[in-house]
Amino acid sequence: MSRDVSSASAIKDLDRWIRGEFRELNTELEEIYFSEKAITLHDRADVDNLSRLLVRDGGELISRVAEHRELPRDPDARYELLGMIGFYLGACRRHEVQPDQSQYASLAEALAGSLGVAPRFSSAHQHIHNRAVGGAFNSFTTLASERVFLTYNGLAVMAYRRAAHALLSIPALGVSNPLATYHLADAVAALRDVMRYSQALADELDVDRFFYNIRPYFKSYRVGSKEFRGANAGDFAAINVLDVLLGLCSPHDPFYQWVIADKYPYVAPEDQKLLRALTAIEPLLTTVVRELEAGVPSAPLRENAELLLDVCRHYGAATVFHHHRLVVPFLQKPAADAPQERHSDMTASGPPLEEVVETLARLRDLRAARQRPDLVTARAALDRVRELLDDADEPATPGAAVGSKD
Ligand code: HEM
């Protein structure tokens, strides 16, 4: 029992430090880098002292938790603890200092093993599992720009989750059910929110602050002897539920299978269940085309098919916005001006920026159902729905009842 209490109090001490001094130290370092417009600075006494303090204090607190060789029973508490160790290691990587992990790498591995996730912090530790205390949620710094980034990014993730939740209710109702109309309209509203929050992010986030003081915390880092790719804002399952449920991406496409496999260890445990279920989904576009082709459509089927086209339009617009108003101005352009030796260091996932942008462009074109000679997109299925709806709008043959297959 006494071991339990001291283990819990060691975790509490770490939590207090992560919410307090950790953020202050990072903020002080960030202000120094920013004043010099540098990503990191070496051989400067003030920077060395601050980062030494960060490495020492965090390392001691995490080692004290590790000494107990026991994990919290509650899975959410385990995920939260993994996040705390991850914030610390992410910050060490960001300041380019090497902590001695020998005392606690096995704790991170044990936590991750018990949850089935990568042993590092992921973006879910910031927007899905981020317990606020007294109104303050976990962040790396106290900079206003990081707050802007986390808030709008988190809100956009919530809105995607809302859209996915709404659409997941449709297969059990059927696409011609008037109750499905409610869920489709909800998905459209949620995707409008994604756009609204993304626009607010693009307008309010300072490009230089993001580039110099926020982005560097999301890089890949090592735990024990293995390197784990960086965190990115897309590491949540709702986006993939939308891709597959709408019928814009296929879980049988090798490229898309790679996207899912790469993402799997980096999403929260409850999101992994959603990713595993993707292969069993029948796309709504397929169902709608089949039912529209079956005969004169009922009024609810027509309304729902129009709404499905709307959902796809809003979804595509959000992905195009992400690319042109977030990725390009906040990452690609500033990276082009960075010193050549830093280019391999520019993305969360690790590969060179050009490769990451190419992968994202492919996802964008699938999600926006663009016509691309090298890609099979859902453009033909969307055009087919439009055509079937237009045919159904033509004056009815005298005597044909709405909804009749004759
Ligand atoms: C300044 C803001 C942002 C920038 C610069 C940015 C940049 C990026 C980059 C570079 C990637 C590729 C990740 C990598 O492999 O390194 C990515 C992925 C992604 N981002 Fe963003 N992003 C931003 C904000 C957002 C927001 C607000 C959302 C909405 C939730 C979002 C959703 C996604 C998704 C869904 C992916 C992954 C694509 C996938 O695998 O499905 N991003 N982002």
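That block above? That's the structure.
Residues numbered from 1 in each chain as written. Predicted model: local features only at pLDDT ≥ 70, side-chain atom pairs only at ≥ 80, totals over all residues. Heavy atoms only, no water.

(A) Structural context of the overall build of the protein chain. Counting its secondary structure elements, the protein chain contains 16 helices and two strands. Computed over the C-alpha atoms, the radius of gyration of the protein chain is 24 Å, within 12% of the 22 Å expected from 2.2 N^0.38 for a compact globule of 406 residues. Projected onto its principal axes, the C-alpha positions of the protein chain cover 85 × 55 × 40 Å. Within the span of the protein chain, comprising 406 residues, buried residues form 53% of the whole. Of the contacts formed within the protein chain by residues at least 6 apart in sequence, a portion of 79% connects residues at least 24 apart. Split by element, the accessible area of the protein chain, about 18,500 Å² in all, is 54% carbon and sulfur. Charged side chains of the protein chain number 46 positive and 57 negative; the gap between the two group centres comes to 2 Å. (Helix = DSSP H or I, 4+ residues; strand = E, 2+ residues; numbered from the N terminus. Rg over C-alpha atoms; globule rule 2.2 N^0.38 Å. Buried < 20%, exposed > 50% of the residue type's maximum accessible area, 1.4 Å probe, protein only. Contact = heavy atoms within 4.5 Å. Areas by Shrake-Rupley, 256 points an atom, 1.4 Å probe, with all protein chains shown as cover. Lys, Arg positive; Asp, Glu negative; His and termini not counted. Charge placed at Lys NZ, Arg CZ, Asp CG, Glu CD.)

(B) Layout of the coordination of the iron atom of the ligand. Here the protein supplies the iron atom of the ligand with just one donor, His-322 (NE2), and that contact is 2.1 Å long. Position of His-322 relative to the elements: it lies in helix α14 (residues 299-336). (Donors = N, O, S within 2.8 Å, 3.2 Å for Na, K, Ca; no water.)

(C) Examining the packing of helix α10 (residues 238-246) against helix α11 (residues 254-263) more closely. Relative orientation of the contacting elements α10 and α11 amounts to 160 degrees, with a least axis distance of 12 Å. With respect to α11, the element α10 is oriented roughly antiparallel. Pair α10 / α11 crosses with left-handed handedness. Of α11, the residues touching α10 (which contributes Ile-239, Asn-240, Asp-243 and Val-244) are Tyr-256, Val-259, Ile-260 and Lys-263. Here the contact of α10 with α11 is built from residues that sort into five nonpolar, one polar and two charged. (Axes fitted to C-alpha atoms, helices over the stretch in contact; angles between N-to-C directions. Parallel < 35°, antiparallel > 145°, perpendicular 65-115°, else oblique. Left-handed = near helix turned anticlockwise from the far one by under 90°. Nonpolar A, V, L, I, M, F, W, Y, C, P; charged D, E, K, R; others polar.)

(D) The arrangement of empty space enclosed by the protein in detail. Across all of its chains, the model carries two cavities of 30 Å³ or more by this definition. Roughly 50 Å³ of internal volume is contained in the largest cavity. Around the largest cavity, the lining residues are Arg-19, Glu-80, Gly-83, Met-84, Phe-87, His-125, His-129, Asn-130, Arg-131 and Asn-138. The element that contributes the greatest number of residues to the lining of the largest cavity is helix α4 (residues 75-94), accounting for four residues. Tyr-79, Leu-82, Val-117, Ala-118, Arg-120, Phe-121, Ser-122, His-125, Pro-265, Tyr-266 and Val-267 together form the lining of the second largest cavity. Here the lining of the second largest cavity is composed, by residue class, of eight nonpolar, two polar and one charged. (1 Å grid on protein atoms, 1.4 Å probe; cavity = no way out; pocket = protein on both sides within 12 Å on 5 of 7 lines; lining within 4 Å. Points joined across faces, edges and corners; volume = space filled by probe spheres on them.)

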